[in-house]
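# Close look at the chain arrangement
Here is how the chains run, residue by residue.
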Amino acid sequence: MRGASGALGAMGTGAQNLRHHTASPLAYSRFERVAWPVSSGAMSGLPDRVRLVIFDLDGVVYRGNEPIPGARELVEFLHLAGVAVRFATNNSMVARAGYVDRLGSMGIGAGIDEIVTSTSATVEHLRRHAPDVHAVLAIGADGMRAELLEAGLEVTMAGDAAFAAHDGGPLDQRYDAVLVGLDPEVDYRRLAVAMSAVTGGASLIATNADARYPTPSGFLPGAGSILAALATATGVLPEVIGKPSPAMFAAAVEASGIDPREAVVVGDNPDADVAGAHRAGLTAILVLTGVADAATAAALEGERRPEATAAGPAEVRVLLAKRLS
Ligand SMILES: [Mg+2]
């Protein structure tokens, strides 16, 4: 099993990786709902007053191992202004502490409560909307296991439950939910035991449905590819937490206690960050330091069109500075 730092390192460096990686046929949710009413006014511009800023990470705060110039200063500025800050990533493989370390190595001071991974958002979502879920069967990496255990869930990793002679019959244990993240060692037996858990009554919940993710050399299959196998096998429509499903941003805002009308998402990906923000009833600033260039940004329409576009962190600061009082 790859260690946390190795898994994080594998998430890629370099501009060549900053291409769309969230497009997925499985980016839907059984609970694809707007968590609060969206007034038409809220979509016409940024909020007059901003008290919560949710940053995407790759392409916004850093590119691979390189911090994006001005990002550290922007985060410091918001911290000093008393604005709540969150860093939200669809990555399910690395526990939040790994991101505290990574940001710290770039000079960005972030507390663990400011980190939102698709696994921690799944935990938060379950806590608020499915409190009866205790026993979970998880397909995922070590970082996911650590987060689930820390949340007090009764966790069985699919790799530990899988056995060679499993013939599709009932499992010894009943699970409330099967949680799907990215498992770089997924195999047929893990899929088989997860399928049996679902057919035995467990709900099917995915940390994210990313079809693929970038590496320095290209792309590897993402959690959504594993999810597609399970959804196909079981015929069950999964509930998806990560961007662009609204559940991840909704969980982050709910946990902050801040009015969603005072929250802004800052992201580089129109498909994941901007659409995800809008589906959660939030506004979004698109930065051009990642997957989208100015021409792409100018052509965006519908839910992918942000309330504002910024060349980089310095322009985000200008946009936010007049909205902090
Ligand atoms: Mg990004």
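Residues numbered from 1 in each chain as written. Predicted model: local features only at pLDDT ≥ 70, side-chain atom pairs only at ≥ 80, totals over all residues.

### Considering the overall build of the protein
Along the backbone of the protein there are 12 helices and 15 strands. Looking at the protein as a whole, 53% of its 325 residues are labelled buried. Restricting the contact set of the protein to residue pairs at least 6 apart, pairs at least 24 apart contribute 76%. (Helix = DSSP H or I, 4+ residues; strand = E, 2+ residues; numbered from the N terminus. Buried ≥ 20, exposed ≤ 12 C-beta atoms within 10 Å, placed from the backbone. Contact = placed C-beta atoms within 7 Å.)

### Describing helix α12 (residues 313-321)
Residues of α12 that are buried: P313, V316 and L320. For α12, the angular spread of buried residues about the axis comes to 55 degrees, placing them on one side. Turning to α12, the residues buried within the fold contact β1 (52-56), α2 (71-80), β13 (263-267), β14 (283-287) and β15 (308-310). (Arc of directions from axis to C-beta.)

### Some remarks on the packing of helix α4 (residues 118-129) against helix α9 (residues 247-256)
At a closest axis distance of 9 Å, the pairing of α4 and α9 adopts a crossing angle of 65 degrees. Considered as vectors, α4 and α9 are oriented roughly perpendicular to each other. The handedness of the crossing between α4 and α9 comes out as left-handed. Between α4 and α9, the residues in contact are S118, A121, E124, H125 and R128 and A247, M248, A251, A252, E254 and A255, respectively. (Axes fitted to C-alpha atoms, helices over the stretch in contact; angles between N-to-C directions. Parallel < 35°, antiparallel > 145°, perpendicular 65-115°, else oblique. Left-handed = near helix turned anticlockwise from the far one by under 90°.)

### Quick word on the sheet that holds strand β8 (residues 177-180)
Within the open sheet, the 5 strands sit side by side as β7-β6-β8-β9-β12. Their pairing is parallel. Each edge of the open sheet is held by one strand with a lone partner, namely β7 (154-157) and β12 (239-240). Relative to β8, strand β6 (residues 135-139) runs parallel, the two sharing 4 bridges. Across the sheet, the residue bridging to I139 is V180, located in β8. Against the sheet, helix α7 (residues 188-199) contacts β6, β8 and β9 (203-206), and its axis sits at roughly 150 degrees relative to β6. Along the sheet, helix α8 (residues 223-234) contacts β6, β8 and β9; its crossing angle with β9, the most-contacted strand, is approximately 160 degrees. (Pairing = 2+ DSSP bridges.)

### Comments concerning the environment of G140
Mapped onto the elements, G140 comes out in the loop between β6 and α5 (142-150). Overall, the presence of 26 C-beta atoms within 10 Å leaves G140 in the buried class. Sequence-wise, G140 and I226 are 86 residues apart; in three dimensions their C-alpha atoms are separated by 9.9 Å.

### As for the nonpolar core
V178 and F249 are the most contacted members of the largest nonpolar core, which totals 94 residues. For this core, the element with the highest residue contribution is α9, accounting for 7 residues. When residues of this core are sorted by domain, at least three fall in each of domain 1 (4-19 + 37-120 + 244-321) and domain 2 (131-240). The residues contacting F249, other than those within four sequence positions of it, are I54, A88, V265, G276, A277, A280 and L282. (Core = buried A, V, L, I, M, F, W, Y, C linked by C-beta atoms within 7 Å. Domains from an automatic or database assignment.)

### Some details on unusual backbone geometry
Looking along the chain, the bond that leaves K243 and enters P244 is cis, with omega of 5 degrees. Its place among the elements puts P244 in the loop between β12 and α9.

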